[in-house]
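Reading the structure
Below, each chain spelled out in residue letters.
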Amino acid sequence: MPREKFTILRSTYVPLPVDNVDTDQIIPARFLKATTREGFGDNLFRDWRYLPDGQPNPDFVLNRPEYSGKILVAGKNFGSGSSREHAAWALYDYGFRVVVSSFFADIFRNNALNNGLLPVQVSPEFLEKLFKASGEDPATLLEVDLPRQTITLLSSGEQEHFEINAYKKECLLNGYDDIDYLLSIKEKIVAFEQENHK
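I will try to describe carefully the structure that is included in this document.

Thresholds applied
Along each chain, residue indices are assigned from 1 in the same order as the chain's sequence is written. Only residues with pLDDT of 70 or above have their local features reported here, since the model is predicted, and side-chain atom pairs are shown and tallied only from 80 upward, although totals for entire chains, interfaces and linings are computed over all residues. As a convention, hydrogens and water are excluded, and side-chain values are obtained from all of the structure's heavy atoms. The cut-offs for exposure are 20% and 50% of the maximum accessible area for each residue type, with area from a 1.4 Å probe on protein chains only; residues under the lower value are buried, those over the upper are exposed, and the others partly exposed. Strands here are runs of E lasting at least two residues and helices are runs of H or I lasting at least four, both read from the DSSP assignment and numbered beginning at the N terminus. Note on contacts: a residue pair is in contact if any heavy atoms of the two residues lie within 4.5 Å. Here, a strand pair is defined by DSSP locating no fewer than two bridges between the strands. In this analysis an axis means a line fitted to C-alpha atoms, helices contributing only their contacting stretch, and an angle means the value between N-to-C directions, from 0 to 180 degrees. Every case where a carboxyl oxygen of Asp or Glu lies within 4 Å of a side-chain nitrogen of Lys or Arg is listed as a salt bridge. Ring pairs are drawn from Phe, Tyr and Trp, using the six-membered ring of Trp, whenever the two centres fall within 6.5 Å, and their geometry is named by plane angle: stacked under 30 degrees, edge-to-face over 60, tilted for the rest. Both a distance and an angle decide whether a charge sits over a ring: NZ of Lys or CZ of Arg must be within 6 Å of the ring centre and within 35 degrees of the ring normal. Any angle that is under 35 degrees is reported as roughly parallel, and any over 145 degrees as roughly antiparallel; angles of 65 to 115 degrees are reported as roughly perpendicular and all others as oblique. In this scheme, a crossing is called left-handed if the near helix is turned counterclockwise away from the far one by less than a right angle; it is called right-handed if the turn is clockwise.

Attention now goes to helix H4 (residues 106-114). Restricting attention to buried positions, one finds in H4 the residues Phe108, Asn111, Ala112 and Leu113. Buried residues along H4 sit against helix H1 (23-26), helix H3 (86-94), strand E4 (118-121) and helix H6 (166-174). Once H4 finishes, Gly116 follows within two positions and takes phi at roughly 80°, a positive value.

Here it is in structure tokens:
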């Protein structure tokens, strides 16, 4: 499945001011039976999105019509718990392209990057500003500039720089997974092989 190239994303965002969101909350274990990536978005945050009778929980942010966008802004220590890659699949399948937090579990960060989802780590102070801004105006826009590695709160112009592995950055910019990347440098690999087998 070809990935979207990621350069600059400007979007409203969904605030989830909850710390220590683990992968079982992102996608409960009972939904892990599928082997393809499609359809997981339907069960993203399933136990928070729906009441025991199956009705949407009107208090949960994904069910509140005033909040939408391709960016999820979450509390500290997002993606902790088990290493399931399905958590990244569910977020991407739902429509998120960026997750912002003040800290990510390492395995989740790597799974996200491997699946076209950009984890942006910001300071706790900047994170609080994002929650405050969306609380005051759900239409608040964020701009995530991958080439420059910046995230900007457009209403105030406040900005932070974020870190990303250079290889993963190149993959996101080009819409590559690991195999696509290898194919993109196939000629260099062939030339290297020929040079070293003379």
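Moving on from the coordinates now.
The strand order across the open sheet built from 7 strands is E4-E3-E2-E1-E5-E6-E7, with neighbouring strands paired in mixed fashion. With partners counted over all chains shown, the strands left at the sheet margins are E4 and strand E7 (158-161), one partner each. Neighbour to neighbour, the strand axes of the sheet diverge by 30° on average, direction disregarded.

On to the pattern of salt bridges, then. Counting across every chain of the model gives 6 salt bridges. Ionic pairing is found between Arg97 and Glu4, a salt bridge with its closest N-O pair at 3.1 Å. One end of the pair, Arg97, is in the loop between H3 and strand E3 (98-101); the other, Glu4, is in the segment before strand E1 (8-16), with 93 residues separating them in the sequence. Among the residues examined, Arg97 registers a relative accessible area of 12% and is labelled buried. For Glu4, a relative accessible area of 42% puts it in the partly exposed group.

For Phe45, which is not a glycine, the phi torsion comes out positive at approximately 50°. Positionally, Phe45 belongs in the loop between H1 and helix H2 (46-49).

Enumeration according to the criterion identifies 8 aromatic pairs in this entry. Ring centres 5.5 Å apart and planes at 65° place the aromatic pair Phe40 and Trp89 in the edge-to-face group. A residue pair is termed long-range when its members are at least 10 positions apart, and Phe40 in the loop between H1 and H2 and Trp89 in helix H3 qualify at 49 residues. Look at Phe40 and you get buried, because its relative accessible area is 3%. Arranged with centres 5.6 Å apart and planes meeting at 0°, the rings of Phe45 and Trp48 form a pair that is stacked. In this structure an aromatic cluster arises from ring pairing among Phe45, Trp48 and Phe60. Arg46 extends its terminal NZ or CZ atom over the ring of Tyr50, reaching a point 4.3 Å from the ring centre. For the cation-ring pair, Arg97 lies above Tyr92, with the distance from its terminal atom to the ring centre recorded as 3.6 Å.

With that out of the way, let us pick up the packing of H3 against H4. Contact pair H3 / H4: the axes reach a minimum separation of 8 Å and the direction vectors enclose 50°. When the axes of H3 and H4 are compared, the pair comes out oblique. With respect to the hand of their crossing, H3 and H4 are arranged in right-handed fashion. Facing Ala87, Ala88 and Leu91 of H3, the residues of H4 in contact are Phe108, Asn111 and Ala112.

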